[in-house]
Amino acid sequence: MPRPRAVLVAGASVAGPTLAHWLERFGMEPTVVERAPELRVGGQNVDVRGAGRIVAARTGVEEAVRAAGTGERGLAFVDARGAVQAEFPAVSRADAGRAGDGPTAELEILRGDLAQILHDHTRDRVRYRFGDRITRLDDDGRRVRVGFERGHEEEFDLVVAADGLHSGTRAITLPQRRDVRFLGLCLAYFTIPREESDDDWWRWYAAGGGRTVTLRPDRHGTTRAMLSFLSLSPAAARLSPDAQRELLRAEFRGAGWEAERVLDGMDRAADFYFEAISQVRPPCYANGRVGLVGDAAWCASPISGMGTTLALLGAYVLAGELARCDDHRAAFAAYESFMRPHVRKAQRLPPGTPRIANPRSDTGVRLLNTSARWASRVAGRLPAVGTRAVDVPEYVAPRPAAR
Ligand SMILES: Cc1cc2nc3c(=O)[nH]c(=O)nc-3n(C[C@H](O)[C@H](O)[C@H](O)COP(=O)(O)OP(=O)(O)OC[C@H]3O[C@@H](n4cnc5c(N)ncnc54)[C@H](O)[C@@H]3O)c2cc1C
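Only a predicted model underlies this, so the values are computations on that prediction, with no experimental measurement involved.

Enquirer: Describe the overall build of the protein chain, naming the residues involved and giving the relevant values.
Expert: Along the protein chain, the regular secondary structure elements total twelve helices and 18 strands. Relative to the compact-globule value of 22 Å for 403 residues, the protein chain shows a C-alpha radius of gyration of 21 Å, a close match. Dimensions of the protein chain, computed from C-alpha atoms along their principal axes, come out at roughly 75 × 45 × 35 Å. Every one of the 403 residues in the protein chain was classed for burial, and the buried ones make up 55%. Across the protein chain, contacts joining residues at least 24 apart in sequence account for 73% of those joining residues at least 6 apart. On the protein chain, roughly 18100 Å² of surface is accessible, and the fraction owed to carbon and sulfur atoms is 50%. The averaged location of the 51 negative side-chain charges in the protein chain is 4 Å from the averaged location of its 57 positive side-chain charges.

So, in structure tokens, the structure goes:
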């Protein structure tokens, strides 16, 4: 079977452009189709850890990622008056490999800045098509005929879904499956004006009632706010943004600390983003000539701190296996068997997640702050997150076939 050449990638965030970079490097012709009319630059801090750092370096973007870092100094738990209860400094560059990363990773960057860096790094070599999406896939075993929302059709050797948690491409290739598992937490991210009292720490306030308010620094002169609350249902994610704001106002009224300021800022925020935190667990990462990568394949959730690292690693390994193997079936199988253990580990969240970090009762809040204080004084850090010793395979571009 001839090696794949023309590859369609759905989604231009982290996994999509990284995959496109490596496909192009390995002699294939990637096209990236993104549903949004332009690159989406919203979102908050994402972490590039361990294997993700290695892939970023090999991709040639590590220094740009480092330079765009948020400058966050670490995580501080605060009480209703803003008094610090416990502090966990970010790991230093020297410590990163040895200690395993803490809650603030060594390479901490805004998701939008990372997407921009990857897009800038690839745009001259990769075809990007914004404002379109896949609506039909006909895989006849030799090629895939793709129907697009804008009406045209085109053939590709392979299609890869890198279109995130709610991947429409995954839904087409693996229909009638319920692979998205809600974790019982809803959250909203948005940007608010920075105030003098804001510092360079990620401040975490457990307000009780299952609610949490956090503020994080960025390098754009603004502050990134997050509101999260325990919920029995993911239905709020399907409401309109106005209805979601209304829900948050009702949930967080009188919650203490900076909640009122955050609610005020929310009404004016242009980048309001609401999500029902979930994991994705499909039975396989490929069906015929259609593969899955990043959150579309295995979303571990923002709670894991591993979504971006796994997206970088998965994209690199998928492209590498397509270059190394004789056909796409062997490549998809090798890719899946490499990724599964890392995904399993990242999806295994600590027992009690997300309830422990979002306590309902005053006693739960006190217990969280006391445990954090104890962990910061005795251990000096929270349990390490991330892929510690991952052997990231080396791949070489295949030789062109002899004529
Ligand atoms: C706007 C946004 C904000 C985010 N904010 C945060 C955050 O603050 N913290 C955090 O931990 N994680 C956040 N994430 C998720 C985070 O980016 C991922 O967990 C991780 O980086 C893996 O990325 P990914 O490329 O696999 O998927 P994603 O980052 O989810 O990207 C998927 C991309 O596919 C596009 N897309 C969706 N459907 C289609 C379709 N049918 N056809 C074509 N394209 C499609 C989306 O517009 C998006 O650009 C955010 C994601 C998005 C899209």
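Read on, since the account is not over.
Enquirer: So what about the pairing of strand β10 (residues 153–156)? Which residues, and what values?
Expert: Here four bridges tie strand β9 (residues 144–148) to β10, and the two strands are oriented antiparallel to one another. Residue pairing across strands places Val146 opposite Glu154, the latter belonging to β10. Linkage of β9 to β10, two consecutive antiparallel strands, is achieved through a turn of four residues, within which Gly151 is found at a positive phi near 115 degrees.

Enquirer: Tell me what's going on with the pairing of strand β16 (residues 273–280), and back it up with residues and numbers.
Expert: Burial runs high along β16: seven of the eight residues are buried. Here eight bridges tie strand β12 (residues 180–193) to β16, and the two strands are oriented antiparallel to one another. Its bridge partner lying in β16, Leu187 is registered against Glu275.

Enquirer: Run through unusual backbone geometry, naming residues and quoting values.
Expert: Residue Thr353 is joined to Pro354 through a cis peptide bond whose omega torsion reads 5 degrees. Along the chain, the position of Pro354 falls in the loop between α11 (328–347) and α12 (362–379). Positive phi values are uncommon outside glycine, yet Trp257 reaches one of about 50 degrees. Along the chain, Trp257 falls in the loop between α7 (241–252) and α8 (259–268). Exposure remark for Trp257: the relative accessible area of 17% places this residue in the buried category. Although it is not a glycine, Ser301 adopts a positive phi angle of roughly 90 degrees. For Ser301, a relative accessible area of 4% translates into the label buried.

Cut-offs and rules
- Residues numbered from 1 in each chain as written.
- Predicted model: local features only at pLDDT ≥ 70, side-chain atom pairs only at ≥ 80, totals over all residues.
- Heavy atoms only, no water.
- Helix = DSSP H or I, 4+ residues; strand = E, 2+ residues; numbered from the N terminus.
- Rg over C-alpha atoms; globule rule 2.2 N^0.38 Å.
- Buried < 20%, exposed > 50% of the residue type's maximum accessible area, 1.4 Å probe, protein only.
- Contact = heavy atoms within 4.5 Å.
- Areas by Shrake-Rupley, 256 points an atom, 1.4 Å probe, with all protein chains shown as cover.
- Lys, Arg positive; Asp, Glu negative; His and termini not counted.
- Charge placed at Lys NZ, Arg CZ, Asp CG, Glu CD.
- Pairing = 2+ DSSP bridges.

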